[in-house]
Amino acid sequence: MLAITNDTGDTLHLDPDQNLVTEQNAPWLTDDELPGEYSYSIDAPLSDNNKRFVRHAYRPDLALPVSSMPVHVAMDGVLYRQCTFCFRINGGKLSGYLKIDASEFYDKIRKMSLLDLLSEPFYLGDGLMHNPPINLAGRLKQIAQMKPGEFPCTFFPIRDDIFLEDDFTITSTVPTDPAQIGGAAGMTDLGFQRKAYVNNWTKLPDGSFGFLVDDQLPARYGYLICPQFYLAWVLQQIITKAGFSIESDWLASADVQCITIKNLTAMNQAAGSLGELVAGHSVVPGMFLPDMTVGEFLKAVKGRFGLLYTYNSNDRICYITQFTSAVAAGAAIDLTDYQTGTYSTDYPDLKGFTVYDFVDDKDDLYKDSSGNTIKPPYQVVGAGETEINLKAGTCQLVRETSPLGAGALWFVPKVRQAGNVLDAMYKKSDRYLTSEGKRPNNIGLCFLSYRGMTTDSKGNPYPLGTPGVLDGQQVRVGSQALTLGGRYGAWRSYLNAYYQFRNQTQRITQPMLMPVATLASLQLHRSVFLTLEDQIRRSYLISKLQAEMPGIDGKVRVRLEALTLPSGIDQVVDVDAPIVWIQLEQINTAKQPIGDTNVSGYEVYASLTFRAWSNPAKTGAASVANLVLQLRRIQKGKSVLTDLATPADTSYTESVEYYTMKGNTAVFETKLLVETKLVNHVRDITLLDFSLAYSLDPGEGYTLIN
């Protein structure tokens with residue numbers, strides 16, 4: 001007997017020939033959708049019993065008509081689902097359907113923005129009310145020193161030279177003498193300093209290391225603070241606010257606990273305000289996340305990591321499972337005894353995939369000299385006919401001079417894009433909130449792993465955010481990188497197997513008769529055993545379940561759609577060469593005079609050579625075969641003279657290039673123009689002021705020599 005019961009114990013009386021057909025989905029093969037789970041249409045007479053069942057809530061003369069209610073669905077007294085009955089009046093009958101599992105979850109939040117969902121502020125823990133009292137800079141350092149994932153957000157330096165516009169400064173309107181302050185007439189300079197980094201970490205006057213923040217006494221501004229929220233915390237908040245708990249081995253793994261969501265919105269520091277001094281600083285999480293809906297966010301995360309979201313509305317649990325983990329876990333249950341009739345198969349896809357990485361098109365580091373976004377890296381499976389564009393990525397990592405000590409080098413994430421700022425001290429900036437209170441610049445969904453406190457090449461401590469798995473000493477501290485390519489990247493770690501599966505899998509349809517308790521407890525994220533041929537039992541992934549009630553002899557008629565697991569998809573076939581140490585050797589010429597008496601200057605040329613070593617001491621040469629090196633090219637100005645009256649071009653371009661090295665030594669350039677300057681002495685005009693620099697970025701298969 002089928003029973004649909006509300007929370008007061010009333011049962012819906014159905015038409016005699018009315019069956020209940022439900023559909024549950026495990027969307028392993030989808031990209032841009034989060035399919036719901038539901039029943040097909042249910043019709044019932046508008047009897048007195050059924051009017052009481054819906055509490056007359058359908059009536060249009062009510063002040064607030066209601067069209068849905070929580071119910072329990074059971075067969076022969078065994079609970080199948082707690083779900084939602086949605087109803088209306090149609091042709092004098094009660095017509096409706098059930099929302100179950102995923103529909104219960106998604107319909108509540110999928111169209112909400114991250115800002116709307118995560119709009120409740122929380123305190124960072126600084127202020128006089130903290131025990132013991134601590135200022136903002138000290139609290140940021142405490143948070144950075146915590147184990148990754150222990151606090152909702154963390155802080156680490158990110159280089160962004162154009163976070164604020166070039167002509168921005170902070171001044172007061174107190175009339176002053178411009179000759180005394182070096183500023184505009186009638187304005188007082190309030191100590192604004194343009195910094196290359198957000199979350200500025202430096203060596204402090206007392207010799208310790210920590211963050212610098214804006215301050216009122218003495219006046220100091222330009223030290224922008226951008227909280228980096230952990231992906232795991234954000235996902236947990238989303239799931240919790242939809243009324244579910246979360247179970248996920250993937251989310252609990254050490255590498256995933258380190259993942260943060262890149263943020264370039266600077267918090268309100270309100271330097272010197274009494275409220276912030278006493279109660280401490282609070283942040284609204286949604287303001288520091290990309291401007292996107294919850295549905296868009298979940299789909300982007302799903303695609304980037306090869307995930308499946310499944311839901312059980314009985315236990316109110318959301319399961320987040322990575323494809324490779326689902327395969328490795330093995331079958332959860334053997335369904336062979338419930339099989340009836342014969343199975344059917346569909347054709348495998350076999351069209352292949354071309355999977356393009358995501359790049360933030362607002363980041364100038366991913367643009368060419370004409371301002372066009374550079375085509376992102378991609379990976380191919382099979383024929384590559386189906387194009388997949390990932391919706392989340394990471395950003396670049398550079399090794400550059402460390403501000404922590406003489407001769408030191410550090411690794412730091414780098415972008416070149418406009419940020420946002422919430423502090424009213426910056427309200428004259430183009431980066432400040434619009435008149436509608438919105439952030440003017442959207443930041444794409446990119447991830448960085450917070451690897452905790454590390455040290456630069458001279459042993460100075462600092463907090464490291466990175467797309468990779470190495471710490472500041474180039475020692476591996478993780479097993480999965482956030483890049484698409486490379487030996488620890490997403491493709492090798494999990495996406496290759498996922499898309500191989502999607503390309504080769506066959507859809508199997510198998511009719512079944514299943515007890516309600518078994519159907520209700522099936523975990524759609526786990527594989528199941530079926531026996532289809534010659535009594536050979538194999539594992540399959542569930543794709544869809546259609547269940548019809550009432551069934552036969554107390555069992556439910558089920559139409560199971562399952563996906564085959566092609567053999568070998570979980571085996572890595574790439575063979576890695578040993579990691580080598582790479583040195584970029586640059587030899588510059590002396591300045592070579594050019595021009596004449598009226599127009600003169602100089603040129604400097606350089607030779608650039610790559611050398612491979614078997615150890616960092618450079619005592620043993622190494623030989624490489626097709627090792628791809630990642631180079632950073634920074635050009636200031638132009639090397640081509642326009643005429644003798646036009647001032648020098650002052651443009652700045654920065655880009656990444658790739659060079660394939662073979663052998664022990666590779667000459668990259670023999671005579672590269674790296675600097676030139678030309679002055680028109682008659683007109684007192686600098687005509688050329690050009691420089692070009694190449695440096696080695698961190699990459700796959702090699703380590704940088706300090």
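This is a predicted model, so every value here is computed, not measured.

Parameters and conventions
Residues numbered from 1 in each chain as written. Predicted model: local features only at pLDDT ≥ 70, side-chain atom pairs only at ≥ 80, totals over all residues. Heavy atoms only, no water. Helix = DSSP H or I, 4+ residues; strand = E, 2+ residues; numbered from the N terminus. Contact = heavy atoms within 4.5 Å. Pairing = 2+ DSSP bridges. Axes fitted to C-alpha atoms, helices over the stretch in contact; angles between N-to-C directions. Buried < 20%, exposed > 50% of the residue type's maximum accessible area, 1.4 Å probe, protein only. Expected span 1.5 Å × (residues − 1). Bend = angle between axes of the 7 residues up to and from the residue. Parallel < 35°, antiparallel > 145°, perpendicular 65-115°, else oblique. Left-handed = near helix turned anticlockwise from the far one by under 90°. Nonpolar A, V, L, I, M, F, W, Y, C, P; charged D, E, K, R; others polar.

Visitor: I'm lost on the environment of Gln257 in this one. Help?
Guide: Here Gln257 is to be found in helix 8 (residues 254-257). Between the C-alpha atom of Gln257 and that of Phe690, which follows or precedes it by 433 residues, the distance is 45 Å. Not counting residues within four places of it along the chain, the set of residues in contact with Gln257 comprises Pro148, Gly149, Tyr230, Ala232, Leu251 and Ala252.

Visitor: Looking at this structure, how should I read the sheet that holds strand 26 (residues 378-381)?
Guide: The strands that make up a sheet pair up through hydrogen bonds in the backbone, lying either parallel or antiparallel. Pairing is mixed across the open sheet formed by three strands, whose spatial order is 26-25-27. Of all strands in the sheet, those with a lone pairing partner are strand 26 and strand 27 (386-393), marking the two edges. Geometrically, the sheet is characterised by an average inter-axis angle of 20° between neighbouring strands, direction not taken into account. Pairing geometry for strand 25 (residues 353-358) and strand 27, over five bridges, is parallel. Each bridged residue has a counterpart across the sheet, and for Thr354 the counterpart in strand 27 is Glu387. Lying over the sheet, helix 12 (residues 490-504) contacts strand 25, strand 26 and strand 27, oriented at roughly 40° with respect to strand 26.

Visitor: Can you walk me through helix 6 (residues 231-241) in this structure?
Guide: Counting along an α-helix, one turn takes 3.6 residues, and residues three or four places apart therefore face a common direction. Every buried residue of helix 6 is accounted for by Leu231, Ala232, Trp233, Val234, Leu235, Ile238 and Ile239. Just beyond helix 6, the residue with positive phi is Gly243, at close to 90°.

Visitor: Could you clarify how one ought to interpret the sheet that holds strand 22 (residues 317-322) in this entry?
Guide: Across the sheet, three strands lie side by side as 17-22-21; this open sheet has mixed pairing. The outermost strands of the open sheet, each flanked by one partner alone, are strand 17 (245-247) and strand 21 (307-312). Going from strand to strand, the sheet's axes swing by 25° on average, the running direction of each strand aside. Alignment of strand 21 against strand 22, held across six bridges, turns out to be antiparallel. Each residue of the ladder has a partner; that of Tyr309, found in strand 22, is Ile320.

Visitor: Please clarify how helix 12 should be interpreted in this entry.
Guide: For helix 12, built from 15 residues, the straight-helix expectation of 21 Å at 1.5 Å per residue is met to within 8% by its first-to-last C-alpha distance of 20 Å. A maximum bend of about 35° is found in helix 12 at Asn496. Those residues of helix 12 lying buried are Ala490, Trp491, Tyr494, Leu495, Ala497, Tyr498, Tyr499, Phe501, Arg502 and Asn503.

Visitor: Hey, could you run me through the environment of Thr340 in this one?
Guide: When you line up the elements, Thr340 lands in the loop between strand 23 (331-334) and strand 24 (344-345). Along the chain, Thr340 and Leu584 lie 244 residues apart, while their C-alpha atoms are 68 Å from each other. If sequence neighbours within four positions are ignored, Thr340 has contacts with Gln510, Pro511, Met512 and Leu513.

Visitor: Quick question: what am I supposed to make of the packing of helix 6 against helix 10 (residues 294-305) here?
Guide: In a pair of packed helices, the angle between the axes and the distance between the axes together describe the arrangement. Taken N-terminus to C-terminus, the directions of helix 6 and helix 10 make an angle of 135°; their axes are 12 Å apart at the nearest point. Here helix 6 lies oblique to helix 10, going by the angle between them. As helix 6 packs across helix 10, the resulting crossing turns out to be left-handed. Mapping the contact onto sequence places Leu231, Val234, Leu235 and Ile238 in helix 6 and Val294, Phe297, Leu298, Val301 and Phe305 in helix 10. Looking at the contact of helix 6 with helix 10 residue by residue, the classes come out as nine nonpolar, no polar and no charged.

Visitor: Any chance you could explain the pairing of strand 1 (residues 2-6) here in plain terms?
Guide: Working note: regular strand, side chains alternate between the two faces of the sheet. In terms of residue burial, strand 1 counts as a mostly covered element, since five of its five residues are buried. Burial along strand 1 is two-sided: the residues Leu2, Ile4 and Asn6 and Ala3 and Thr5 are all buried. Relative to strand 5 (residues 68-75), strand 1 is paired through five bridges, and the arrangement is antiparallel. Note on strand 5: the bridge partner recorded for Thr5 is His72.

Just distances and angles here, no functional claims.
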